[in-house]
Amino acid sequence: MFNKFKKSKLMLLASALYAVTNVASAATPSYDIKLTLPVIDKGQYHRPYIAIWVEDEKRVSQRSIAVWMQKPKWLPDLKRYWRRVARKDRDIVDGVTSATKKPGSHSIKWDGLNDKGQPLTAGKYSICVEAAREKGGREAICAKIDYGKTNVAEAMGKHEITHFSVTLN
Amino acid sequence: MNILTKSFCGLNIGSPLKKISIVALLCGTSATALAHTQWLKPSTFNTALDERAVWVTGQLSMAENAFVTERGLIAKSTLILPDGKSLEMTDVYEGKTSSLFDFELTESGTYKIDSVIGPRLRKARKPKDPTKKSRPASRTVNRLTTYITADAPTDGVIKAEGTWLEIIPVTHPADLVEGEPASFKVLYEGKPLAEQTLTLIVSGGEYQNQKTDKEYLSDSEGIVTVELIKTGVYLIKSSHQIKLKGDPEAKVLRASAGLTFEAQLN
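How each quantity is defined
Residues numbered from 1 in each chain as written. Chains lettered and ligands numbered in written order. Predicted model: local features only at pLDDT ≥ 70, side-chain atom pairs only at ≥ 80, totals over all residues. Heavy atoms only, no water. Helix = DSSP H or I, 4+ residues; strand = E, 2+ residues; numbered from the N terminus. Buried < 20%, exposed > 50% of the residue type's maximum accessible area, 1.4 Å probe, protein only. Contact = heavy atoms within 4.5 Å. Areas by Shrake-Rupley, 256 points an atom, 1.4 Å probe, with all protein chains shown as cover. Disulfide = S-S within 2.5 Å. Pairing = 2+ DSSP bridges.

1. Section: the overall build of chain A
1) Next: When its secondary structure is counted, chain A shows three helices and nine strands.
2) Next: Considering chain A as a whole, with its 169 residues, one finds that 43% of them fall into the buried category.
3) Next: For chain A, restricting intrachain contacts to residue pairs at least 6 apart in sequence, the fraction spanning at least 24 positions comes to 62%.
4) Next: On chain A, roughly 9,900 Å² of surface is accessible, and the fraction owed to carbon and sulfur atoms is 55%.

2. Focus on the state of the cysteines
Residues and elements named next belong to chain A.
1) Next: Applying the stated rule across the entire model yields one disulfide over all chains.
2) Next: Here cysteine 128 engages in a disulfide with cysteine 142; their sulfurs sit 2.1 Å apart. Classification of the bridge connecting cysteine 128 and cysteine 142 rests on its S-S torsion, roughly 100 degrees, and on that basis the disulfide is right-handed. Residue cysteine 128 is located in strand 6 (residues 124-132), and its partner cysteine 142 is located in strand 7 (residues 138-146); the two are separated by 14 residues in the primary sequence.
3) Next: On the basis of relative accessible area, cysteine 128 is assigned to the buried category, the value being 1%.

3. Some words on the pairing of strand 17 (residues 232-243) of chain B
Residue and element names in this part refer to chain B.
1) Next: Pairing of strand 14 (residues 197-202) with strand 17, which is carried by five bridges, proceeds in the antiparallel orientation. Bridge pairing links threonine 199 to lysine 237 in strand 17.
2) Next: Pairing of strand 17 with strand 18 (residues 252-263), which is carried by 12 bridges, proceeds in the antiparallel orientation. Looking at strand 18, one finds that valine 233 is bridged to glutamate 262.

Below you can see the structure in the form of C-alpha cells.
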C-alpha cells in the first residue's frame, strides 16, 4: 500500500518535472559542452583545477557551469574566473563544484539559464574554460556564441586544454 | 617632479634620463640618492581567505631598480583594514638590505599599507670644490603605499590620507590586468595636482639594457591613465617640490610618493 502510494507520487513528480523541463527547453536554448584535457606525461602531474562559465560582451559572468577543484585555497589560481566570479560569489562556486577530472574528453551540459535560473537575453556570449595545474601551467580560452543561434562553436587550447566545443541542442 | 625641478633649477633639457641626471648634477643633489628608488612590496596582492591563517609580508628597500633589495629603508608603516581600523606595524625587522613586517589577513576585503619615510631634514651642502654647486637645506618625505585584497575587493581604504604627496588608485588595484588601461590620481595635501609627472616602472629593470620607465602627465583632475602592457609588479611614482616659508632650517620640501601594484594575467 505504502509502496504503491510512493510509486504513484513519484510518477506524478516525474511527470510534473518532465512538463517543467519540456516547457523550459522549448523556450530556452541549451548547449552540450565538450572539454578535452591533454595527457601530460612531463614532470609531476596533478589534475587541473577547471572553471567553465558564460560571460556577456561586457565580460560579466552570467552563469557558472562547472568548477572542478579540491582545495579552495588554490581557487585564485584560476585567475580570470577568480576575478570575474569566485572572489565575490563563493556560493555560486559552491553550487557547481565537483572533484577534479582525468585527462580525456568530458561532457558537460548547460541548460542555457543564468545563475538565477532565468534564460539569457538574446545576444553574443562567450563560454569560457580556464585550467590551472599545480606544478604546471594555466590557460583560458572561450568559445563565442550568438545565444540560441550559433549551432557549434569551438576553441583550441595550446597547453592545458586540448579542445573545447559547445553544441546547441 | 620634472616641471618643478626644472623651474627650481631653471633648466630645460631633452630626454627624461638626461633630464634627471643633469638636473641632479646642477642642483647639486647626490646622483646616487636621486637614482635610487625607494619601494614597498607585499608578498601577495590578491589572495583568498582560507581555513588556515593567511599571512602577508611587507618589504621595504631602496636600490637603483625598483624591487631590488640593496639598502634597508626605515619607515613608519600602518596597515589599514577593510573596515577602516588602522594598525601600526611595530614589529619590523630592519635589516641591512630591507625592512620586513608580517601581518595576518583576518577579514575579506581590501587592505592598505601606508609607509611614510620622513619627513626628515637634509642638511645644506657647501662643496669645497667651487665647480660644484651647493645644495640648500631641504625637508624630504616619501609615502609608499600598496593594496592587498582578500576575496572580494572593497573600496573603503582607497582614499587619500590628506597629507603630503599621494597616488591613489582610480581603477581598483585588484582589477588591474595586462593589456588594460589603469587610472591613478595624484594629490598634494588631499588636493588633485594637475600637470604632475608620474613615472611608471615595471619590475625586472635589472635585467634590461635600456630603461623602460614611462612618464605621464596628470590632467586637470590630477588623473593619469596608463597602459599595462605586460603582467608583473609595477611602481608608479612622483615627486613634488614646494618652497617652505618661515622654516628656519629648510627652504624647500620635497614630497615623493610611490604606489606598488600588480598587473595580473588575463
